[in-house]
Amino acid sequence: MDNSQIKVLVVDDQPSNLRFLSKLLTAQGYQVYRAICGQLALNLAIAHCPDLILLDIRMPEMNGYEVCRTLKATAETEQIPVIFLSVLDEMNDKLQAFRVGGADYITKPFQVEEVLARIEKQVGLQKLQQQLKEQNYQLQQSQSLLASILNSSLDGVVAYSAVRNSEGNIVDFQWLLINPAAEKFYGLLLNDIVGKNLLAELSQFRNNGLFDLYVSVVETGETVDGEFSYEHERDTIVWLHIVAVKLNDGLAVTFRNITDRKRAEIALRDSEERFRAIFEQAAVGIAKTALCGQFMRVNPGFCQIVRYAESELLQQNWQAITHPDDIEADREYVSLLLSGDIQTFSMEKRLLCKDEAVRWANVTVSAMRDAKGTPQYLICAIEDISQRKLVQELLQASLDTQTRYAQELTRSNAELEQFSYVASHDLQAPLSTIAGYAQLLEKRCHNQLDAQGNKFLRNIVNSCGRMQALIDDLLEYSRVGRSEKPFDVIDCNLVFEDACANLQLAIRQDRASVTRGDLPRVRGDSFQLLQLFQNLIGNAIKYRSSEAPMVRVSASRQGDSWVFSVQDNGIGIAEQYHPRIFQLFQRLHSEKQYSGTGIGLAICQRIVDRHGGRLWVESEPNRGATFYFSIPIPK
Ligand code: ADP
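Residues numbered from 1 in each chain as written. Predicted model: local features only at pLDDT ≥ 70, side-chain atom pairs only at ≥ 80, totals over all residues. Heavy atoms only, no water.

A. Looking closely at the sheet that holds strand β9 (residues 236-246). Pairing in this open sheet of 5 strands is antiparallel, and the strands run β7-β6-β10-β9-β8 from one edge to the other. Of all strands in the sheet, those with a lone pairing partner are β7 (170-178) and β8 (224-233), marking the two edges. Within this sheet the neighbouring strands show an average axis-to-axis angle of 35°, counted without direction. In the sheet, β9 pairs with strand β10 (residues 250-257) via 7 bridges, with the strands oriented antiparallel. Along β10, the bridge assignment pairs I242 with F255. (Pairing = 2+ DSSP bridges. Helix = DSSP H or I, 4+ residues; strand = E, 2+ residues; numbered from the N terminus. Axes fitted to C-alpha atoms, helices over the stretch in contact; angles between N-to-C directions.)

Structure follows, in structure tokens:
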């Protein structure tokens, strides 16, 4: 045995003893230090830190007990085992020796074997102690390493021991350990939980399948490694990745909460399913194409539009089924899309279909990019707009025709107006010459003509008068459209008074009563409003019944307009004639019954039109008539 590393301090005031022991020990290979007194022994013990001290009890100045006491009270030396040496073999001495901290006792005279055996035993013990210390230290180290791993682990770690009933079946698990991640997950604390039972603390384990799983791990010894989901709290499903390993009569469980990842996976799967359903069932065409335009995936909607089978389309690209005139515009859009200048584009283009038809489609294209923003492929939505295009073309054609008609109508109206103005204006002069000469002839040649000649002459004069009236009215009519006088604010009470003054003769002759309510101010042309009032009141008197005419003019506000009414008690008008009487030259009576030109109401219609209003009549035969007209109130 190699003792060269073992240091032994021998303390004895007898030089012979010192010599004997040191010789004996040196021969055994020990490193030996010698001290002749207590004080020297203490100094050497501190200086060399021996593995063992052989200490004589009886020494002058400081005896062995005192030296031992001092050694045990000093930190550097307290661990060094001390074997006492003495001639005494008394119980008291031995007791005293152990009391002050001695490890053993050797009685003089020394028996060589005994000395060596006791020294070896102490050295061996000392070594074992040393080893134990080191192992303890290692244990502490690995314990604190384990604790720090458990504390810092993001995964939950728990350990249980099985709780068995009298038949030996597992009825619960007892908590042995729970790390902070698991504490947080379960809302439990290590100090509160250790020693308690799992089912008592987390009753959900009874039903969520994990208890049975843990039992099977302990009973079969087979490790479980998999993903499990269960209702953790009410309405909250959690997903855990669990690794459960048998540990003595219990198990250690490591788990990771993977709920977020699972949710994302489920959401992704759902959205993929939704996308697939939309893709397959969409009424519009959808296509996924490579950046070069090659079709990668097409839906039935698209196949239907272009009349190609899916397998045929997948052999083609966009260029092959795009009308040559649309290819350039398409290419420009795609290059803008790929460069990132635009996010998406829509264009109307013609598709060359398998049935050789050319169909219009509205194609919307978006680029799908990877995380770095590099375009990966294109998604196109294709809508068949052939029908819409057809309707658009028809509409456009009919709009063009309508516009042409409207332009023609305006032009011919203008021409007609011009013609009627010129005609009536130019007819006036020759007519008044004819009338003038006819009157002269009547006056001067009255006696030279026979009765029939005079009658003819009378007819000429009358016809001239009538024609004069017609021309005057026609002129009035054409003037309404030509007037460009700006509107003023007009007090209709005054207009009424002026109209009555102008109609004074007829009022007096027919003993008519013409009254009014409170009439408003309106924006309009004063002369034309006077014509309007005068024509309507004049007609109300003219188309009288046998009773004396009673005419009432009133107005009321209806929405954004003033509505005027001119009511009479005259002969009335049958409903079927209501629309007709507002047309030019339309009369319901002969000249003999009621004189007139059939232009008055047409003039009224034009005047009301020019003021932005509406003119209508309510009447029945023999029940009088009420003419209404509206004039908008300016905002
Ligand atoms: P005129 O009075 O010169 O014939 P109008 O244009 O003023 O021409 O009237 C057209 C026709 O409307 C009249 O011929 C008449 O038959 C009918 N009419 C107009 N006003 C009334 C009225 N107040 N009562 C009955 N009939 C009327």
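B. Just the site of the ligand, in detail. Residues in contact with the ligand amount to 20 residues; listed here are only the nearest, N539, Y543, R587, T597 and L601. K542 places a side-chain nitrogen or oxygen 3.1 Å from an oxygen atom of the ligand. When the ligand sits alone it has 520 Å² of accessible area, and the protein chains cover 98% of it. Under a 2 Å grid-point criterion requiring more than half of the atoms, the pocket assigned to the ligand is the largest pocket. The biggest single contributor to the shell around the ligand is helix α19 (residues 526-542), with 3 residues. Taken together, the residues of the shell around the ligand break down into 9 nonpolar, 8 polar and 3 charged. (Near = heavy atom within 4 Å. Polar contact = N/O pair within 3.5 Å; in protein donor to acceptor, adjacent residues only side chain to side chain. Areas by Shrake-Rupley, 256 points an atom, 1.4 Å probe, with all protein chains shown as cover. 1 Å grid on protein atoms, 1.4 Å probe; cavity = no way out; pocket = protein on both sides within 12 Å on 5 of 7 lines; lining within 4 Å. Sits in = over half its atoms within 2 Å of the grid points. Nonpolar A, V, L, I, M, F, W, Y, C, P; charged D, E, K, R; others polar.)

C. Representation of the layout of surface pockets. Here the largest pocket is characterised by a volume of approximately 1,000 Å³. N535, N539, K542, Y543 and G600 are the residues nearest the centre of the largest pocket, which is lined by 40 residues in total. Put simply, the parts of the chain that give the lining of the largest pocket at least two residues each are α16 (451-482), α18 (504-510), α19, α20 (600-610) and β22 (625-632). Here the lining of the largest pocket takes 9 residues from α19, the largest share from any one element. (Points joined across faces, edges and corners; volume = space filled by probe spheres on them.)

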